[in-house]
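One-letter residues, chain by chain:
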Amino acid sequence: MTGDFGKFINEKRLGRGPAGGDILLKDIAKAMGTTATYLSDIIKGRRNPPEMNLLLKIAEILQLTDEEKAEMFDLAGRERNEAAPDLPEYIMDESIPHVRAALRRASDKNLGDDFWKHVLEEIDKKG
């Protein structure tokens, strides 16, 4: 059964190849340094999405926009039941302990998406 990550990859490979054709699974797998069978298992939801280095290779061959890449990372994290793989390094950076403190407090207070939407708007104002 295809998970959301697999559906995403399948959709994004369509029409992005040379002359508007589809990018083949074997071509994505080759760029990843793996087999088409392995990639097919991921797309069909039989394996977890790959690690960050392979996700970056997928993003490159599919020519994903920054927004599409962020969506792919979110889907990969969700299917792995982990944080999106582009976030842990930032969250755990020793030079910014307030990130972890803010996330814990927000969690303790059950702050929802409306709160984080406001935070995001404030971040965007910083330019």
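Here, every reference points to the structure presented above.
Counting restarts for each chain: residues are numbered from 1 in the order of the written sequence. With the structure being a predicted model, the display of local features is reserved for residues of pLDDT at least 70 and the display and counting of side-chain atom pairs for 80 or more, all residues being used for whole-chain, interface and lining totals. Note that water and hydrogens are dropped before the side-chain values are worked out from all heavy atoms of the structure.

A. The arrangement of unusual backbone geometry in detail. Even without a glycine there, the phi angle at Ala19 is positive, about 55 degrees. With a phi angle near 60 degrees, Asn81 is a residue other than glycine that sits in the positive phi range. By relative accessible area, Asn81 is classed as exposed at 71%. Partly exposed describes any residue whose relative accessible area lies between the buried limit of under 20% and the exposed limit of over 50%, with all areas from a 1.4 Å probe on protein chains only and scaled to the type maximum.

B. Spotlight on helix 7 (residues 97-108). Here helix 7 spans 17 Å end to end across 12 residues, near enough to the 16 Å set by a 1.5 Å rise per residue. What counts as a helix is a DSSP run of H or I of at least four residues, what counts as a strand is a run of E of at least two, and both are numbered from the N terminus. For helix 7, the full list of buried residues reads Val99, Arg100 and Ala106. Within helix 7, the buried residues cover an arc of 130 degrees as seen down the axis, which keeps them to one side. Away from the buried face of helix 7 by more than 90 degrees, exposed residues His98, Arg104, Arg105 and Asp108 are located. In this description, contact between two residues means that some pair of their heavy atoms is separated by no more than 4.5 Å. Those residues of helix 7 hidden inside the fold are in contact with helix 6 (88-91) and helix 8 (113-125). Remark: Asn110 follows helix 7 within two positions and exhibits a positive phi of approximately 55 degrees. Expected span, for any helix, means 1.5 Å times one less than how many residues it has. Regarding the arc, it is the one traced by the directions from the helix axis to the C-beta atoms.

C. Seen up close, a negative patch on the surface. Residues enter patches when they are more than 30% accessible in relative terms and free of salt bridges; like-charged ones are connected within 9 Å and nonpolar ones (Val, Leu, Ile, Met, Phe, Trp, Tyr) within 5 Å. Accessible surface is estimated by sampling points in the Shrake-Rupley manner with a 1.4 Å probe; for residues, cover comes only from the protein chains shown. A side-chain nitrogen of Lys or Arg and a carboxyl oxygen of Asp or Glu constitute a salt bridge if their distance falls within 4 Å. In this count, Lys and Arg are taken as positive residues and Asp and Glu as negative ones, while His and the chain termini are left out. Note on charges: their place is set at NZ of Lys, CZ of Arg, CG of Asp or CD of Glu. Where like charges cluster on the molecular surface, the negative patch consists of Glu11, Glu71, Asp74 and Asp86. By the secondary structure assignment, Glu11 is in helix 1 (residues 4-13).

D. View of the pattern of salt bridges. Applying the stated criterion across every chain, the model contains seven salt bridges. A salt bridge links Asp41 to Arg46; its shortest N-O distance comes to 2.8 Å. Judged by its relative accessible area of 54%, Arg46 falls in the exposed class. A salt bridge links Arg80 to Glu82, with the nearest nitrogen and oxygen atoms 3.5 Å apart. What makes Glu82 partly exposed here is its relative accessible area of 47%. Among the charged side chains, a network of salt bridges with common partners joins Lys12, Arg16 and Glu68.

As far as function goes, none of this settles anything; it's purely spatial.
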